[in-house]
Amino acid sequence: DAGVIQSPRHEVTEMGQEVTLRCKPISGHDYLFWYRQTMMRGLELLIYFNNNVPIDDSGMPEDRFSAKMPNASFSTLKIQPSEPRDSAVYFCASSPGTLRGYTFGSGTRLTVV
Amino acid sequence: SQQGEEDPQALSIQEGENATMNCSYKTSINNLQWYRQNSGRGLVHLILIRSNEREKHSGRLRVTLDTSKKSSSLLITASRAADTASYFCAPVETGGFKTIFGAGTRLFVKA
């Protein structure tokens, strides 16, 4: 099992550009989570899906952020337009259920200049 | 939503010593999980304890759960330099699966 796969590993973009982060969860995992980590704010839950349906997006900071899960094997987190304060490490995690742990991806380090 | 609060914020010990980290939470839970994060990497799931369990072991890890006090502890015995990392607890609330991580405990094990 390759685990949770995130791409790209690193992204540097200019303010105002659109950024798309990608995640492939582990096959058979019904839950998918997007987190953001910064030194100042720690790990923040942005949104999570169950069976491809968004369940809770209350952590999405503002309308510039959007997330989709078109099928069980792929999810995207999009930021448009990006701002320097969006710079962070974005993690995707998946889980087979509420009595099982999460498997995290390696993260995408986003730098907006 | 449920958030775990870890204590202490930082812990520095010698290799071979035991390390104890604590976690408190506020509402009823289905289970509680502990994770480790090495610098620059994703979190790794260590152990899960269900709400009807009081203690669980996995290798050098021992987790306890006291639902009456809404607290949990993680004990790492015979610590090694490779245990240097941040440790997070993740209480999973009853009826939901939304997990909000606290600030974690930063453990430093000196060789």
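Since we're looking at a predicted model, the values are computed, not measured.

Bringing the sheet that holds strand β1 (residues 5-7) of chain A into the picture now. All names here are of chain A. Strand order across the open sheet formed by four strands is β1-β3-β8-β7, with antiparallel pairing between neighbours. A single partner strand is all that each edge strand has here, and the edge strands are β1 and β7 (65-71). The mean angle between the axes of side-by-side strands here comes to 15°, regardless of whether they run parallel or antiparallel. Here three bridges tie β1 to strand β3 (residues 19-24), and the two strands are oriented antiparallel to one another.

Further remarks concern the layout of surface pockets. Approximately 780 Å³ is the volume attributed to the largest pocket. Around the largest pocket sit 27 residues that line it, and A:Q37, A:M39, B:Q37, B:S86 and B:R106 are the ones nearest its centre. Elements with a contribution of two residues or more to the lining of the largest pocket: β4 (31-38), β5 (42-50) and β9 (88-95) of chain A together with β10 (85-93) and β12 (105-110) of chain B. Its residues assigned to classes, the lining of the largest pocket shows 11 nonpolar, 12 polar and four charged. What the second largest pocket holds in volume is close to 180 Å³. Every residue lining the second largest pocket is listed: A:R9, A:Y102, A:T103, A:F104, A:G105, A:S106, B:N38, B:R41, B:G42, B:L43, B:V44 and B:H45. Secondary-structure elements contributing two or more residues to the lining of the second largest pocket are β10 (103-104) of chain A together with β6 (43-50) of chain B.

On to the sheet that holds strand β7 (residues 55-58) of chain B, then. Residue and element names in this part refer to chain B. As summarised here, the arrangement of the five strands in space is β2-β4-β9-β8-β7, forming an open sheet in which the pairing is antiparallel. One side of each edge strand has no neighbouring strand; the edge strands of this open sheet are β2 (5-7) and β7. Each neighbouring strand pair of the sheet contributes to a mean axis angle of 20°, computed without reference to strand direction. Alignment of β7 against strand β8 (residues 61-66), held across four bridges, turns out to be antiparallel. Looking at the pairing, H57 lines up with R62 of β8.

Residues and elements named next belong to chain B. Its location among the elements puts D83 in the loop between β9 (71-76) and β10. Classification of D83 as buried rests on a relative accessible area of 10%. A distance of 2.9 Å separates the side chain of D83 from the side chain of R60, its partner in a polar contact. Sequence-distant contacts of D83, that is, excluding residues within four places in its chain, are made with R60, I76, L107 and V109.

We now examine the packing of aromatic side chains. In total, this model carries 15 aromatic pairs over all chains according to the counting rule given. When the centroid spacing of 5.8 Å and the interplanar angle of 40° are considered together, the rings of A:Y35 and A:F104 count as tilted. Here A:Y35 is found in strand β4, whereas its partner A:F104 is found in strand β10, with 69 residues between them in sequence. The buried category is assigned to A:F104, whose relative accessible area is 9%. Residues A:F104 and B:F101 carry aromatic rings whose centres are separated by 6.1 Å and whose planes lie at 70° to one another, so their mutual orientation is edge-to-face. In this pair, A:F104 is assigned in strand β10 and B:F101 in the loop between β11 (99-100) and β12, connecting two distinct chains. Take B:F101: its relative accessible area is 2%, and that puts it in the buried class.

What counts as what
Residues numbered from 1 in each chain as written. Chains lettered and ligands numbered in written order. Predicted model: local features only at pLDDT ≥ 70, side-chain atom pairs only at ≥ 80, totals over all residues. Heavy atoms only, no water. Pairing = 2+ DSSP bridges. Helix = DSSP H or I, 4+ residues; strand = E, 2+ residues; numbered from the N terminus. Axes fitted to C-alpha atoms, helices over the stretch in contact; angles between N-to-C directions. 1 Å grid on protein atoms, 1.4 Å probe; cavity = no way out; pocket = protein on both sides within 12 Å on 5 of 7 lines; lining within 4 Å. Points joined across faces, edges and corners; volume = space filled by probe spheres on them. Nonpolar A, V, L, I, M, F, W, Y, C, P; charged D, E, K, R; others polar. Buried < 20%, exposed > 50% of the residue type's maximum accessible area, 1.4 Å probe, protein only. Polar contact = N/O pair within 3.5 Å; in protein donor to acceptor, adjacent residues only side chain to side chain. Contact = heavy atoms within 4.5 Å. Phe/Tyr/Trp six-rings, centres within 6.5 Å; stacked < 30°, edge-to-face > 60°.

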